[in-house]
Amino acid sequence: MSDLSAQKCEACRADAPKVSDEELAVLIKQIPDWVPEVRDGIMQLERVFKFKNFKQALEFTNKVGAMAEDEGHHPGLLTEWGKVTVTWWSHSIKGLHKNDFVCAAKTDDVFAAL
Ligand SMILES: C[C@H](O)[C@H](O)[C@H]1CNC2=NC(N)=NC(=O)C2=N1
């Protein structure tokens with residue numbers, strides 16, 4: 001468990017600050033497999049996880065979904081044969097909040113524990 005994944009998501013209101021470029025540079029080092037990407041003008045974190053078949057991909061998807069419900073913070077999840085694309089961003093601020101880095105780290109932990 002990393003320093004990030006040991007944290008809990010906090011309530012994120014519309015006026016919460018987005019992670020700055022400097023903060024992003026520090027945080028991303030703790031989740032090196034995630035790629036920051038701007039989509040539809042919104043900065044997001046994305047990682048593709050590979051599996052042997054659809055069943056394993058779906059099992060991972062459900063575990064990430066359960067973690068997200070527990071945190072009250074929800075990702076984009078695209079489940080396909082042999083892969084799941086997970087995308088984290090904060091809808092309320094249309095960008096990245098610390099919560100997204102916490103949940104990306106927790107997603108890594110879910111994968112590592114399979
Ligand atoms: C009302 C509810 O708490 C909010 O809509 C939460 C739920 N999950 C969320 N998930 C994400 N990724 N961003 C949000 O802003 C968000 N808001």
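Quick look at the structure, then. Since this is a predicted model, take the numbers as computed values, not measurements.

Helix and strand counts for the protein come out as three helices and four strands. The globule rule puts the C-alpha radius of gyration for 114 residues at 13 Å, and the 13 Å found for the protein is close to it. Within the protein, the proportion of its 114 residues that are buried is 43%. Restricting the contact set of the protein to residue pairs at least 6 apart, pairs at least 24 apart contribute 67%. Element-wise, carbon and sulfur atoms account for 54% of the exposed surface of the protein, whose accessible area totals about 6500 Å².

It is worth spelling out the side chain of histidine 73 at this point. In this structure, histidine 73 sits in the loop between helix H2 (54-71) and strand E3 (76-80). Polar side-chain contacts of histidine 73 include one of 2.8 Å to the side chain of aspartate 100. Aside from chain neighbours lying at most four places away, what touches histidine 73 is Cys9, Ala68, Trp88, Trp89, Ser90, Asn99, Asp100 and Cys103.

Neighbouring the ligand are the residues Gly72, His73, His74, Trp89, Ser90, His91 and Ser92. Interatomic distance of 2.8 Å between a side-chain N/O atom of histidine 74 and a nitrogen atom of the ligand. Here serine 92 contributes a backbone N or O atom positioned 2.9 Å from an oxygen atom of the ligand. Considered on its own, the ligand offers 390 Å² of accessible surface; in the complex 55% of this is hidden by protein. When grouped by side-chain class, the residues that make up the shell around the ligand number one nonpolar, six polar and no charged.

In this section: the pattern of salt bridges. This structure, assessed with the given rule, holds nine salt bridges. A single network of salt bridges, built from pairs that share partners, joins Lys8, Asp70, Glu71 and Lys106.

This next bit is on a nonpolar patch on the surface. Side chains of Phe54, Leu58 and Trp81 sit close together on the surface and give an oily, nonpolar patch of about 340 Å² of accessible area. When you line up the elements, phenylalanine 54 lands in helix H2.

Another point: the side chain of threonine 107. By the element assignment, threonine 107 lies in helix H3 (residues 98-112). From its side chain, threonine 107 meets the backbone oxygen of cysteine 103 in a polar contact 2.6 Å long. Apart from the residues lying within four places of it in its own chain, the contact partners of threonine 107 are Trp34, Phe49, Phe60, Val64, Met67, Val86 and Trp88.

Here is what the cut-offs are and how they apply
Residues numbered from 1 in each chain as written. Predicted model: local features only at pLDDT ≥ 70, side-chain atom pairs only at ≥ 80, totals over all residues. Heavy atoms only, no water. Helix = DSSP H or I, 4+ residues; strand = E, 2+ residues; numbered from the N terminus. Rg over C-alpha atoms; globule rule 2.2 N^0.38 Å. Buried < 20%, exposed > 50% of the residue type's maximum accessible area, 1.4 Å probe, protein only. Contact = heavy atoms within 4.5 Å. Areas by Shrake-Rupley, 256 points an atom, 1.4 Å probe, with all protein chains shown as cover. Polar contact = N/O pair within 3.5 Å; in protein donor to acceptor, adjacent residues only side chain to side chain. Near = heavy atom within 4 Å. Nonpolar A, V, L, I, M, F, W, Y, C, P; charged D, E, K, R; others polar. Salt bridge = Lys/Arg side-chain N within 4 Å of Asp/Glu carboxyl O. Patch = residues over 30% accessible without salt bridge, like charges linked within 9 Å, V, L, I, M, F, W, Y side chains within 5 Å.

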